[in-house]
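Each chain, written out:
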Amino acid sequence: MTTRPITTDDNGAPAPSDEFSQSVGANGPLLLQDHYLIQKMAHFNRERVPERVVHAKGGGAYGVLQITEDVSQFTKAGLFQKGQETPLLLRFSTVAGELGSADSARDPRGFALKFYTDQGNYDIVGNNTPIFFIRDPQKFSDFIHTQKRRPDNHLHDHNAQWDFWTQSPESAHQVSFLMTDRGTPATWRNMHGFGSHTFLWYNAAGEKFWVKYHFKTEQGIKNFTDAEAAAAQVADPDLHIRDLHDAINRGDHPSWTVNVQIMPFEDAADYRFNPFDLTKVWPHADYPEITIGRFTLNRNPANYFAEIEQAAFEPSAFVPGIGPSPDKMLQGRLFSYPDAHRYRIGANYLQLPVNQPQSPVHSYNFDGPMTFRQPSGPHYAPNSFGGPAADPSLYEGEHYALTGEIVRSAYRLHAEDDDFGQARALWENVLSETDRAHMVSNVVGHASKPEVTSDMKQRIVEYWTNVHKDLGASVAKGLGVTA
């Protein structure tokens, strides 16, 4: 048996963990002192020039959010008050595809929203699925590496993808979504969007709630079969970009209903699933969706590079009334996204017109490449000369108590937490017979590439058998493997 080398950081020191970030207790926020996590994320953000490392291929449009219901009992955020209208930018994308890749490839779709509010920009950076493949950012760059080209032969490798997935059982829920026809949407206009993470809402009285965002297409769901998606890749690799642009040009403005799930703050501690686990959903029977408004896309960008390629979305862009949760993936993205923009676009990316807030900016940051906004008064704080001053009262309500030792650990399991249960519920309760047949076909097709080894195919069958014995048996039959 070959002895495996020990993972090290880039300085050659032994790495503390391949899977877990350092947090305050098993369920608490992550720590900036976790230098290995920071090194992995910072290096990952600098692996490609100049396109995005992930979500490279995409398109988008401008629109407006209209809030029709009163949710002031849950949040004091101005953009979510009844009657409020807020301009927005929405960028759609594929996750793994390169800048010249086909729009209709099997892949999750990015669904990134920038709201230009009167208290600064608020960004929701989600996907067209309510979940993700992993729950700890320590594994994120490794996961994306499996989706990208190998460093030795510069080819994509399905064997690497299944190697990662079968050794990361938390991926089963998302991979199940990916292998249905939801993995190949027919257009961006015909798919749902999700904030995916859990976020904190707090109202004017300081009462706290946990929230999940759902954006439901009003055009109806429409997906490609695997064969239709493959044909579309050949016929028009830019199908989704073209479809959105042409629809808006002809006045067919797509729209989405904005729904939220609200969980009382205290419910999270003992809820049957970990409510901060990005691989899980909150069952609607426990926390039903509440409609709060809708948004419409009504204007195409005038210049793709300036307004879409340079658009920068970051989950850390909050406004008063909204904050982060202890979701470990969200905590990692709070650092990773703005750091990627500083590298890819430049330190002053927020001064570009597409990213610039429409509310006044009074910052003590200055200089750096391509800056054109400089402080006109004192350039430091605190000062005695009338410079801007923070108002902590605006964020009263976002704080909550935490206790726990500093550890590297998986989440503490809640009563019904497991990696396959929600994927099994998707198979048993959500998918139609046609959906199930297509899912099996899609899995078999994906796992039948020449590079996928016979041993890996056996592991793939075991993976899907853990989701459901019928699913495993069908995949085994398709792959010619004994279940």
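Just so you know, the residues in each chain are numbered from 1, in the order the chain's sequence is written. Whole-chain, interface and lining totals are the exception, using all residues; otherwise, since this is a predicted model, local features are given only for residues with pLDDT of at least 70 and side-chain atom pairs are given and counted only at 80 or more. The basis for every side-chain value is the complete set of heavy atoms in the structure, and neither hydrogens nor water enter the calculation.

S.K.: Help me get a handle on the pattern of salt bridges, residues and values and all.
M.R.: What counts as a salt bridge is simple: a side-chain nitrogen of Lys or Arg found within 4 Å of a carboxyl oxygen of Asp or Glu. This model, assessed by the stated rule, comprises 28 salt bridges. Ionic pairing is found between Arg436 and Glu433, a salt bridge with its closest N-O pair at 3.0 Å. Taken together, the residues Arg436 and Glu433, both in helix 10 (residues 433–446) and three residues apart, mark about one turn of the helix. Think of it in three bands: with a 1.4 Å probe and only protein chains considered, a residue is buried below 20% of the maximum accessible area for its type, exposed above 50%, and partly exposed in between. Take Arg436: its relative accessible area is 18%, and that puts it in the buried class. Measuring nitrogen to oxygen at the nearest pair gives 3.3 Å for the salt bridge that ties Lys469 to Asp470. Secondary structure elements are taken from DSSP: a helix is a run of H or I of four residues or more, a strand is a run of E of two residues or more, and numbering for both begins at the N terminus.

S.K.: Describe the pairing of strand 8 (residues 208–217), and please don't skip the residues or the numbers.
M.R.: Of all ten residues making up strand 8, eight are buried, and the element is well covered by its neighbours. Pairing between two strands requires that DSSP report at least two bridges joining them. Of the pairings in the sheet, the one linking strand 6 (residues 193–194) to strand 8 comprises two bridges and is antiparallel in character. What sits directly across from Gly193, in strand 8, is Phe215. Direction of pairing for strand 7 (residues 199–202) relative to strand 8: antiparallel, over a ladder of four bridges. By the bridge assignment, Phe199 is partnered in strand 8 with Val211. The antiparallel pairing of strand 7 with strand 8 creates a hairpin that spans five residues between the two strands, and Gly206 there sits at a positive phi of about 85°. Across nine bridges, the pairing between strand 8 and strand 9 (residues 255–264) is antiparallel.

S.K.: Provide a residue-level description of the pairing of strand 10 (residues 290–299), including the pertinent values.
M.R.: Of the pairings in the sheet, the one linking strand 2 (residues 58–67) to strand 10 comprises six bridges and is antiparallel in character. Paired with Tyr62 across the bridge in strand 10 is Arg299. Across six bridges, the pairing between strand 9 and strand 10 is antiparallel. The residue of strand 10 that forms the bridge with Ser255 is Thr296.

S.K.: Any details on helix 2 (residues 140–147)? Residues and values, ideally.
M.R.: Most of helix 2 is tucked away: six of the eight residues are buried. Considered for burial, the residues of helix 2 that qualify are Phe140, Ser141, Phe143, Ile144, Thr146 and Gln147. Looking at the buried side of helix 2, the elements it contacts are helix 1 (35–44), helix 3 (158–166) and helix 8 (328–344). Contacts between residues were defined by any pair of non-hydrogen atoms, one from each residue, lying within 4.5 Å.

S.K.: Go over the environment of Tyr213 with me, naming the residues and quoting the values.
M.R.: Secondary-structure assignment places Tyr213 in strand 8. Residues Tyr213 and Ile290, spaced 77 residues apart in sequence, show a C-alpha to C-alpha distance of 9.8 Å. With near-sequence residues (within four places) excluded, Tyr213 lies in contact with Phe80, Tyr122, Ile124, Phe194, Gly195, Ser196, Phe199, Trp201, Asn259, Val260 and Ile322. Within the structure, the side chain of Tyr213 is placed 2.9 Å from the side chain of Trp201, a separation counted as a polar contact. Two N or O atoms count as a polar contact when they lie within 3.5 Å, although within protein this holds only if one can serve as hydrogen donor and the other as acceptor, and sequence-adjacent residues are included solely when both atoms are side-chain atoms.

S.K.: Requested: an account of the nonpolar core, with residues and values cited.
M.R.: By size, the foremost hydrophobic cluster in this structure holds 43 residues, and its most contacted members are Trp162, Trp165, Ile460 and Trp464. Those elements that place two or more of their residues in this core are helix 2, helix 3, helix 4 (172–179), helix 9 (421–430), helix 10, helix 11 (454–467) and helix 12 (469–479). The element best represented in this core is helix 11, accounting for six residues. Leaving out residues up to four positions away in the same chain, Trp464 has contacts with Trp162, Ala172, Val175, Ser176, Met179, Met439, Val443, Leu471, Gly472 and Val475. Counting residues in hydrophobic clusters, the runner-up holds 38 residues, among them Ala61, Leu113, Phe115 and Ile322. Only buried Ala, Val, Leu, Ile, Met, Phe, Trp, Tyr and Cys residues count toward a nonpolar core, and they belong to the same one when joined by side-chain atoms within 4.5 Å.

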